[in-house]
Protein chains: 2
Amino acid sequence: MSVQMKQQLLRNELIKFFYYDNRLTLAELSRRSHKSLPLVTSTVNGLIEDGYIQDNGLAASTGGRRASSFQLNADKQRYIVAVAVDQMVTQVVIYDLMNNVKVGLQKKELVLHDNPALTETFIDFLKDYISGSGIPPSQILGIGIGMPGFVSAIKGVNHTFFKLGGSITLKDHLSKELGLPVFIDNDSSLIALAELKFGAGKDLKDVLVVNIGWGIGLGMIVNGGLFRGHSGYAGEFSHIPLSQSNKMCSCGKRGCLEVDSSLVFMIERAKAEMDSGASSSMEQVYKTTGKLPADLFLNAAKSGDPLAVSVLSDAAFLVGKGISTLIHIMNPMLIVLSGRGAVAGKILMAPIQQAINEFCIPWLAEQTEIQVSTVATNAELLGAATLVIENCDFN
Amino acid sequence: MSVQMKQQLLRNELIKFFYYDNRLTLAELSRRSHKSLPLVTSTVNGLIEDGYIQDNGLAASTGGRRASSFQLNADKQRYIVAVAVDQMVTQVVIYDLMNNVKVGLQKKELVLHDNPALTETFIDFLKDYISGSGIPPSQILGIGIGMPGFVSAIKGVNHTFFKLGGSITLKDHLSKELGLPVFIDNDSSLIALAELKFGAGKDLKDVLVVNIGWGIGLGMIVNGGLFRGHSGYAGEFSHIPLSQSNKMCSCGKRGCLEVDSSLVFMIERAKAEMDSGASSSMEQVYKTTGKLPADLFLNAAKSGDPLAVSVLSDAAFLVGKGISTLIHIMNPMLIVLSGRGAVAGKILMAPIQQAINEFCIPWLAEQTEIQVSTVATNAELLGAATLVIENCDFN
DNA sequence: TAAAACTTTATAATTTTTTTAAAAAGATTT
DNA sequence: AAATCTTTTTAAAAAAATTATAAAGTTTTA
């Protein structure tokens, strides 16, 4: 590798450190980058000359001479477009390098299943949003997109949705159409990335993040980094054979975890129970509209509605059985419950803990902590932004 | 880190490369160590001066000037004591740095369960073997020991067997008693290490090794290295909740994979079938001695005995269901069937493949290859030797 | 078949980076 | 308040990586 390339790589790396922790000292940067202090010092001086970062006065003392601290320069702005796609709705927001919202969140109903115009609609939506934002493309570092399905971030393809005819990858197609660097990844991987960088998993090495949403996803942090498996599809937690039920799963098999524990299943079951006469605070909306939105269901559970709580608990118990398997195989330090289902976190914890008590070797279960995410509501968007930061070039 | 330490580290690293592949060129060493050619050249010259390695003439041409190749110097010998402990028998052998057997394999019956004199007997056995070998301790690099149970290689403890009273770790205790560096690890981890360095997993990055023995173990290769989990106990495959049966497992739970698929179970079942009148080539030994040794059972299966094959197939199907879970979660490049049960490899493959067809998403299953180990019979001993090589100091 | 063109290895010269040492600045103790 | 201890910063020396060049084979081509 040439000298210039290595220097550019270090510049990128240092800027990333400032993205994750805004104020840092030279000593801290040297520790994190595993580079010597003189080298880090001169690289930082270069970044200051180019306007990327600025001096931020002396840091608090740690028992000796106080160190100068540095931070990103607010004047030299760069922006990130973060996109979170789910089965029903697509969300987009523009962040700055301090993770502040620069252009407000916009949502669009966009059903993924059986939608021939999907890719085209998706591109138009993003085009409009970005051009409407008024930010010049030269200031946008890239577009990060999280989406469900079998996604390989490395190859830039999705084998489930947004299928294209030709030989071009989804990533390249979007990049060409939108005129900006595009990075795609599986929704659960991005949520795990957000938890790793900003949430409960910060600075930890072996963390599993369970994404409770329309399916049950899994993002894996191994040795301090996202683990993707040899061909990029690790973490297909949804379809491990666990359930005793004989129901057919969308994947064509029986006994998948997802069949009896996803949000789709929970809502169907809540509807069925109401149809057969169960009373609930969700009744009115369901009876008048015929629909039962996920948010309504989750909020009902949160506020103690007995039907919603019971449905959620049963599903969570099965997730807990799956988590028991994960604990045995991976021996993680921490398991984070995240995704939109995590808003009902407290209700999930009890049945999950109960399943762990039943299915885990107690001694092993003690080695793993279970936590509910604190950044769940915008974890996927944060993760999408992180994906851009990790892969773009600052120059 | 000081300069001398770094240089010693590089020397160790280079010697290790020669241990795994005996003839290497300077360019190859530079590539593998990620160090520059001049540095590698001068380090190799130092190793030649100290007698560790020697020039081995020109390597075959690769299209340009032929490179000099080097290899370990047979005169400067160092030896490794490799120990493989299983539930019934303990084996020990001494290898040289070319993995040749220097002192022949010795076996001793040593039952782990309910054996208060275990540790003492074990130490005496090794003491006798080593002193009987006539090799001076100064030439022994260390003792590598693979054993069943919840073992943490890093902490040097076993929570299941060889329990000691005081606060000293098993590793330190053995090291003190035997007067040599001792390294311990879980049997399945060592088998995986052997497969990674010498077997089917050579040079691969994401490989899972299933150890079919008295239990069902799992050794995990992640990103090209042994994965141990955050506290050292990853790969507890035996006790994931999978089986429909209601039998109580030794761990106190129900539904563990191990209950219906380990060698212990298989032999018990074969006995029961013969008791209730099933005919088999194993009958004679069983009827006369009342015992059914594992080797007899496995060989019967290998030579097509219908009872043994049927018992083995049923167990293998369940292992296959467990493997399906692993494929979904880890997306490995390769799964190796190893351990003593792997001698019946061909018979195992069919039911395992069938289970994968039934429980895996086909598209995902295609990404993973399943192979039977070719080094299974002495994989654990090889792994134990590798453990020493990876952790000892050459000086 | 022999010269030219191409590959690869080995060594030397230069540049970069790290290590070590020393100085400066601040906190803590006596 | 002086002395001691910590930590950061700067400077000098040593180590290692690049880059360039030479040497030794292979392959191509006229």
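One can find the structure itself at the top, above this paragraph.
Residues numbered from 1 in each chain as written. Chains lettered and ligands numbered in written order. Predicted model: local features only at pLDDT ≥ 70, side-chain atom pairs only at ≥ 80, totals over all residues. Heavy atoms only, no water.

*Asks:* Would you take a moment to explain the packing of aromatic side chains for this structure?
*Replies:* All told, the structure shown has 18 aromatic pairs over all chains when counted by the stated rule. Taking 5.8 Å as the distance between ring centres and 55° as the angle between the ring planes, the aromatic pair formed by A:Tyr20 and A:Phe198 counts as tilted. Of the two residues, A:Tyr20 is situated in helix α1 (residues 3-20) and A:Phe198 in helix α6 (residues 187-198); the sequence distance between them amounts to 178 residues. For A:Tyr20, a relative accessible area of 11% translates into the label buried. Centroid distance A:Tyr52 to A:Phe394: 6.2 Å. Interplanar angle 90°. Geometry classified as edge-to-face. Of the two residues, A:Tyr52 is situated in the loop between α3 (37-49) and β2 (53-58) and A:Phe394 in the segment after α13 (379-391); the sequence distance between them amounts to 342 residues. Of the two residues examined, A:Tyr52 and A:Phe394, each falls in the buried class. Three or more aromatic residues link up through ring pairs in this structure, and these residues are A:Tyr19, A:Tyr20 and A:Phe198. Positioned over the ring face of B:Tyr52 is B:Lys76, at 4.8 Å from the centre of the ring. Directly above the aromatic system of B:Tyr20 lies the positively charged group of B:Lys197, at a separation of 4.5 Å from the ring centroid. (Phe/Tyr/Trp six-rings, centres within 6.5 Å; stacked < 30°, edge-to-face > 60°. Helix = DSSP H or I, 4+ residues; strand = E, 2+ residues; numbered from the N terminus. Buried < 20%, exposed > 50% of the residue type's maximum accessible area, 1.4 Å probe, protein only. Lys NZ or Arg CZ within 6 Å of the ring centre and 35° of its normal.)

*Asks:* Just checking my understanding: could you explain the sheet that holds strand β3 (residues 68-72) of chain B for this structure?
*Replies:* Across a sheet, strands are paired by hydrogen bonds formed along the backbone, either parallel or antiparallel in direction. Residues and elements named next belong to chain B. Read across the sheet, three strands follow the order β1-β3-β2 without closing on themselves; strand pairing throughout is antiparallel. Both outer strands of the open sheet, β1 (24-25) and β2 (53-58), are each paired with one neighbouring strand and no more. The pairing of β1 with β3 spans two bridges and is antiparallel. Bridge pairing in β3 links Thr-25 to Ser-69. Most of the contacts of helix α1 (residues 3-20) go to β3, to which it runs at about 90°, and overall it touches β1, β2 and β3. (Pairing = 2+ DSSP bridges. Contact = heavy atoms within 4.5 Å. Axes fitted to C-alpha atoms, helices over the stretch in contact; angles between N-to-C directions.)

*Asks:* Just checking my understanding: could you explain the sheet that holds strand β15 (residues 369-372) of chain B for this structure?
*Replies:* All names here are of chain B. A sheet is described by the order of its strands in space; here five strands give the open sequence β13-β12-β11-β14-β15, paired in mixed fashion. Bordering the open sheet on either side are β13 (225-227) and β15, each of which pairs with just one other strand. On average, each strand axis in the sheet is tilted by 25° relative to the strand beside it, whichever way the strands run. Relative to β13, strand β12 (residues 216-222) runs antiparallel, the two being bridged by three bridges. Paired with Met-220 across the strands is Phe-227, a residue of β13.

*Asks:* Got a minute to help me understand the interface of chain B and chain A in this structure?
*Replies:* Many structure descriptions define interface size as the accessible area lost when the parts assemble. With 39 residues of chain B at the contact, the number on the chain A side is 39 residues. Summed over both sides, the interface between chain B and chain A buries roughly 3400 Å², with carbon and sulfur atoms accounting for 68% of that surface. Of all residues in chain B, B:His230, B:Pro241 and B:Ile329 give up the largest surface area on contact with chain A, accounting jointly for 20% of the area buried on that side. Taken together, the connections running from chain B to chain A amount to zero salt bridges. Across the contact surface, chain B and chain A share 20 residue pairs in polar contact (both at pLDDT 80 or more). Tallying contributions element by element places helix α10 (residues 306-330) of chain B first for the side of chain B that touches chain A, with six residues. Of the residues contributing to the side of chain B that touches chain A, the split by class is 21 nonpolar, 12 polar and six charged. (Buried area = accessible area lost by both parts, 1.4 Å probe. Salt bridge = Lys/Arg side-chain N within 4 Å of Asp/Glu carboxyl O. Polar contact = N/O pair within 3.5 Å; in protein donor to acceptor, adjacent residues only side chain to side chain. Nonpolar A, V, L, I, M, F, W, Y, C, P; charged D, E, K, R; others polar.)

*Asks:* How should the pattern of salt bridges be read in this particular structure?
*Replies:* For side chains bearing opposite charge, pairing can occur when the charged atoms are close. Residues and elements named next belong to chain A. Tallying each qualifying case throughout the model produces 29 salt bridges over all chains. The partner of Asp-185 in a salt bridge is Arg-228, and the shortest N-O contact between them spans 2.6 Å. With a gap of 43 residues between them, Asp-185 in strand β10 (residues 182-186) and Arg-228 in the loop between β13 (225-227) and α7 (263-275) connect regions that are remote in the sequence. Taking the relative accessible area as the measure of exposure, Asp-185 reaches 1% and is therefore buried.

*Asks:* Please explain the pairing of strand β6 (residues 101-109) of chain B as it appears in this structure.
*Replies:* For a regular strand, side chains alternate in direction, first toward one face of the sheet and then toward the other. All names here are of chain B. Strand direction decides the pairing type here: strand β5 (residues 89-96) and β6, joined by six bridges, are antiparallel. Within β6, the position partnered with Ile-94 by the bridge is Val-103. Taken together, β5 and the strand that follows it, β6, pair antiparallel across an intervening segment of four residues, in which Asn-99 is found at a positive phi of about 65°.

*Asks:* Got a minute to help me understand the protein's contact with DNA strand D in this structure?
*Replies:* Contacts to DNA strand D come from 23 residues, most closely from A:Gly64, A:Arg65, A:Ser68, B:Ser36 and B:Leu39. In the interface set of DNA strand D, defined as its atoms within 4 Å of the protein, sugar plus phosphate atoms amount to 80%. Between DNA strand D and A:Lys6, the relevant distance is 3.4 Å, taken from a phosphate oxygen to a side-chain nitrogen or oxygen of the residue. Residue assignment for the surface near DNA strand D shows that the elements contributing at least two residues are α1 of chain A together with α1 and α3 (37-49) of chain B. When its residues are assigned to classes, the surface near DNA strand D shows seven nonpolar, 10 polar and six charged. (Near = heavy atom within 4 Å.)

*Asks:* What exactly am I supposed to notice about the protein's contact with DNA strand C here?
*Replies:* Neighbouring residues of DNA strand C: 20 residues in total, closest A:Ser36, A:Leu39, B:Gly64, B:Arg65 and B:Ser68. Sugar plus phosphate: this is where 76% of the atoms of DNA strand C within 4 Å of the protein reside. In the model, a phosphate oxygen of DNA strand C is placed 2.6 Å from a nitrogen or oxygen of the A:Ser36 side chain. B:Ser68 is positioned with one of its side-chain polar atoms (N or O) 2.8 Å from a phosphate oxygen of DNA strand C. Taken together, the elements giving at least two residues each to the surface near DNA strand C come down to α3 of chain A together with α1 of chain B.

*Asks:* Whenever I open this one, α6(A) confuses me. Can you help?
*Replies:* Count 3.6 residues to each turn of an α-helix, and residues three or four apart come out pointing the same way. Residue and element names in this part refer to chain A. Over its 12 residues, α6 extends 16 Å from the first C-alpha to the last, a length consistent with the 16 Å expected when each residue adds 1.5 Å. The element α6 is extensively covered by neighbouring structure, given that 10 of its 12 residues are classed as buried. For α6, every residue scored as buried is listed here: Asp-187, Ser-188, Ser-189, Leu-190, Ile-191, Ala-192, Leu-193, Ala-194, Glu-195 and Leu-196. For α6, the side-chain oxygen to backbone nitrogen distance between the N-cap and Ser-188 is 2.8 Å, and the N-cap itself is Asn-186. (Expected span 1.5 Å × (residues − 1).)

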